[in-house]
Amino acid sequence: RERVPVAAELVLDGFSLLSKSYPPTGLARDGASSAYERIPVSPGQHQLTVRLRDSRRVEGFDYEENISINLRSGQNFVIDFRDNPGRFVFK
């Protein structure tokens, strides 16, 4: 019943910003994994790649998305993941 940790990776303009694993919550380790990271980024136009693995596979990722973003100075940019239908949400 225990869930596997969720692996996440963020690449901005070809440079790795984050490569981390997040354990499941709950006493039985069967709850959702959650992550909160604050990563300062310079304003302007960027290419962002987001990857996530929530399976027992050893290599690669289950989900990946590449987007162009234009960040303003002082802007908060949020990346969320919805497991149904399995997609990233950018806010």
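Before going into details, it helps to say that this report is about the structure given with it.

## Looking at the packing of aromatic side chains
The tally for this structure, following the rule as stated, stands at four aromatic pairs. Plain terms: the ring middles of Phe77 and Phe90 are 6.1 Å apart, the flat faces sit at 15 degrees to each other, and that makes the pair stacked. Here Phe77, found in the loop between strand E4 (63–71) and strand E5 (79–82), pairs with Phe90, found in strand E6 (residues 87–90); they are 13 residues apart in sequence, far enough to count as distant. The exposure class assigned to Phe90 is partly exposed, which follows from its relative accessible area of 25%. Among the aromatic residues, ring-to-ring pairing joins Tyr63, Phe77, Phe81, Phe88 and Phe90 into one connected group. Its guanidinium or amino end placed over the ring of Phe61, Arg53 lies 5.1 Å from that ring's centre, counting from NZ or CZ.

## Side note on the sheet that holds strand E3 (residues 44–53)
Strand order in this open sheet of four strands is E2-E1-E3-E4, and the pairing throughout is antiparallel. This sheet does not close on itself; its edge strands, each paired only once, are strand E2 (15–22) and E4. Adjacent strand axes in the sheet meet at a mean angle of 15 degrees, parallel and antiparallel pairs treated alike. One ladder, built from nine bridges, connects E3 with E4; its direction is antiparallel. Opposite Leu48, over in E4, you have Ile67 as the bridge partner.

## With respect to the nonpolar core
Ranked by internal contacts, the top residues of the largest apolar core, which has 14 residues, are Leu48, Val50, Leu52, Ile69 and Phe88. Every element with two or more residues in this core is listed here: strand E1 (6–12), E2, E3 and E4. No other element matches the four residues that E1 contributes to this core.

## A closer look at the pairing of E1
For E1, the tally of buried residues reaches seven of seven residues, placing the bulk of the element in the interior. A two-sided burial pattern is seen for E1, the buried positions comprising Val6, Ala8, Leu10 and Leu12 on one face and Ala7, Glu9 and Val11 on the other. As judged from the seven bridges shared by E1 and E2, these two strands associate in the antiparallel manner. Looking at E2, one finds that Ala7 is bridged to Ser21. Adjacent in sequence and paired antiparallel, E1 and E2 are bridged by two residues, among which Asp13 carries a positive phi angle near 55 degrees. Here E1 pairs with E3 via six bridges, running antiparallel. Counterpart to Val11 in the pairing with E3 is Thr49.

Rules used throughout
- Residues numbered from 1 in each chain as written.
- Predicted model: local features only at pLDDT ≥ 70, side-chain atom pairs only at ≥ 80, totals over all residues.
- Heavy atoms only, no water.
- Phe/Tyr/Trp six-rings, centres within 6.5 Å; stacked < 30°, edge-to-face > 60°.
- Helix = DSSP H or I, 4+ residues; strand = E, 2+ residues; numbered from the N terminus.
- Buried < 20%, exposed > 50% of the residue type's maximum accessible area, 1.4 Å probe, protein only.
- Lys NZ or Arg CZ within 6 Å of the ring centre and 35° of its normal.
- Pairing = 2+ DSSP bridges.
- Axes fitted to C-alpha atoms, helices over the stretch in contact; angles between N-to-C directions.
- Core = buried A, V, L, I, M, F, W, Y, C linked by side-chain atoms within 4.5 Å.

Geometric descriptors of this kind do not, in isolation, establish any biological role.
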